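Architecture and fold: a report
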Amino acid sequence: MKEILLEMGLDEADDEASVARALARKLGTSVADLPACHLVKRAIDARRHRVRFQLVFELGEPEQPPEALGGAQPREVDHQYEVVIVGGGPAGLFCAYELARRGIGATVIDRGKLVQPRRRDLKGLTRHGRVDPDSNYCFGEGGAGTYSDGKLYTRAHKRGNVRDVLELLATHGAPRRILTDARPHIGSNILPKVVTALREHLEQVGVRFVFEDRVTNIVTVGHGSERRVAGVELMSGRSLPAQQLVLATGHSARDIYELLARLEVLLVPKAFALGVRIEHPQPAINQIQYGKYAGHPKLPSASYRLAATVDGRGVFSFCMCPGGFIVPAATEVDGLVVNGMSLSRRDSPFANSGLVVAVEPEDWEKLGFGGVLGGIEFQRALERSALVAGGGDLRAPSTRVTDFLGKKGSTDVPKSSYVPGVTASNIRDVLDITGLPLSSRIEGALREFERTMRGYVTSAAQLVGVESRTSSPVRIPRDPGTLQSPTVVGLYPSGEGAGYAGGIMSAAVDGIQIARAVEQSALGKVAC
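Residues numbered from 1 in each chain as written. Predicted model: local features only at pLDDT ≥ 70, side-chain atom pairs only at ≥ 80, totals over all residues. Heavy atoms only, no water.

Let us now look at the packing of helix α6 (residues 254-262) against helix α9 (residues 374-390). At a minimum axis separation of 12 Å, α6 and α9 run at an interaxial angle of 150°. By the angle between their axes, α6 is roughly antiparallel relative to α9. The hand of the α6/α9 crossing is left-handed. On the side of α6, the interface is formed by Arg-254, Tyr-257 and Glu-258, while α9 contributes Ile-376, Gln-379, Arg-380 and Glu-383. Grouping the constituent residues of the contact of α6 with α9 by class yields two nonpolar, one polar and four charged. (Axes fitted to C-alpha atoms, helices over the stretch in contact; angles between N-to-C directions. Helix = DSSP H or I, 4+ residues; strand = E, 2+ residues; numbered from the N terminus. Parallel < 35°, antiparallel > 145°, perpendicular 65-115°, else oblique. Left-handed = near helix turned anticlockwise from the far one by under 90°. Contact = heavy atoms within 4.5 Å. Nonpolar A, V, L, I, M, F, W, Y, C, P; charged D, E, K, R; others polar.)

Looking now at the side chain of Ser-417. Counting through the fold element by element, Ser-417 comes out in the loop between α10 (401-405) and β19 (422-424). Exposure remark for Ser-417: the relative accessible area of 8% places this residue in the buried category. Only 2.9 Å separates the side chain of Ser-417 from the backbone nitrogen of Ile-326, close enough to count as a polar contact. Apart from residues no more than four positions distant in its own chain, Ser-417 is found in contact with Glu-279, Gly-324, Phe-325, Ile-326 and Phe-350. (Buried < 20%, exposed > 50% of the residue type's maximum accessible area, 1.4 Å probe, protein only. Polar contact = N/O pair within 3.5 Å; in protein donor to acceptor, adjacent residues only side chain to side chain.)

Here we come to the pattern of salt bridges. Evaluation of the coordinates by the stated rule reveals 36 salt bridges. Note that Glu-98 is salt-bridged to Arg-101, the shortest N-O span being 2.8 Å. Residue Glu-98 and its partner Arg-101 are both found in helix α2 (residues 90-101); the two are separated by three residues, about one turn of the helix. Note on Glu-98: relative accessible area 3%, which makes it buried. Arg-345 is the partner of Asp-347 in a salt bridge, and the nearest nitrogen-oxygen pair spans 3.7 Å. In this structure Asp-347 comes out as partly exposed when scored by relative accessible area, which is 47%. Classification of Arg-345 as exposed rests on a relative accessible area of 69%. Members of the salt-bridge network, linked through shared partners, are Arg-254, Glu-258, Glu-332, Glu-377, Arg-380, Glu-383 and Arg-469. (Salt bridge = Lys/Arg side-chain N within 4 Å of Asp/Glu carboxyl O.)

What follows is about helix α1 (residues 16-27). Over its twelve residues, α1 runs 16 Å from end to end, which matches the ideal 16 Å to within 8%, given 1.5 Å per residue. Residues of α1 that are buried: Ser-18, Val-19, Ala-20, Ala-22, Leu-23 and Ala-24. Those residues of α1 that are buried are in contact with β1 (3-8), β2 (37-45) and β3 (52-59). Positive phi shows up at Gly-28, right after α1, with a value of about 70°. (Expected span 1.5 Å × (residues − 1).)

Strands sit in the order β6-β5-β4-β10-β22 across an open sheet of five strands; the sheet is parallel. Taken across any chain shown, the strands that pair with only one partner, and hence form the sheet edges, are β6 (208-211) and β22 (491-493). Across the sheet, the mean angle from the axis of one strand to that of its neighbour is 20°, orientation sign disregarded. (Pairing = 2+ DSSP bridges.)

Shown next as structure tokens:
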């Protein structure tokens, strides 16, 4: 289909008459003779010291009418293939959905709670500093994304049908604008309802869900290359048979990595990134990005994306949350982790982003964090250091950006969106406790970023630590053809926790791919 790109002023893009006239001019026709066309993408272009909306249209009617969105529907399932999915996040949920489209039932196990009781645990986490290791920002219905923003931007289009995932989210309650926004976002106030609707839809066709129980053992039979999955044992004492086991546990289920290591399932260390959250007043970011257009009612809270290379390692912004909040994302009682989120309106007066340094296995191995799980112990060292520096109750250590660049701690810091509170300190003492020069690399990047975004370095901005769960430091390898572990037949590593995704969309797409592989294996068993 032919695409038509329009650049529209801020007060024109939502005016149907203005858009129609612009389309007619572009096509060399009159408004009365304008052919059918539909919007496929909407973006903001803030380059060249002007701010415009970019609208991309396609000629013709949409391939699917609105009522047909969402593709094939789940149908009544049976459980003859004994498929168990561990983890109810996007990888596990969309794996179950794709299997249900094919009439294959699964049992989804999640250690956390349903959306509503999970919400109460998050209040205990933010207001009272109580960490429930099984119900927090990382664990529970919908996984880490449920209460951590719902950003849907991805570059994983080559991995699978991203549009399919967006349509499924839209047909289960997400705003339809995610189908056309260049950087779609749902928000932590809406996404929980979408996740619940997806789960309830699956339950209606016979998919089973088990919450507040976690896997303590994977039962296998056979030896060597013939070893295969036979079932799982749960904390409750319950056992479930499983011919096919999908591991979709997310990047923070450290006990699963430890279990796999004991079972001698192949694991390899994987590069990841860690550092801090940087928080600015949102109006400051708006001014930097929009200039004289800042404050225009048609413009959303501005975002940014930055990257630099310092001493051979990448330093970059991560999970930028315009109009957002910093939240406590710890999963263990003796560590402190921060993350970012925002609501659908993105109207908080703060902007925050991860500011993280890429680290390689060789980096932490040189520091004495050896073995395949050395990256996890490296994370833990920083998280424990942050907890101590914050002073308890999940208060987070914080340093003004200008003090950080002056190589000194702060005696006071700006107001923060982080509800447990921040403690003025020297974040360098937290980051450099292991001996890795994280601070110097962040310092170099900040100086580079200031050249890119004048005003980014300011005493009104602060660094809050630590951001250590950007992705898993472990990969669970899988055969590129069957997508199964090469050491255990019937074991399917999936999503972020397996090292094959990085966010809601790529995890969902990976879960769908796994479902297709599970179906092929199941049908092969029947043929035998």
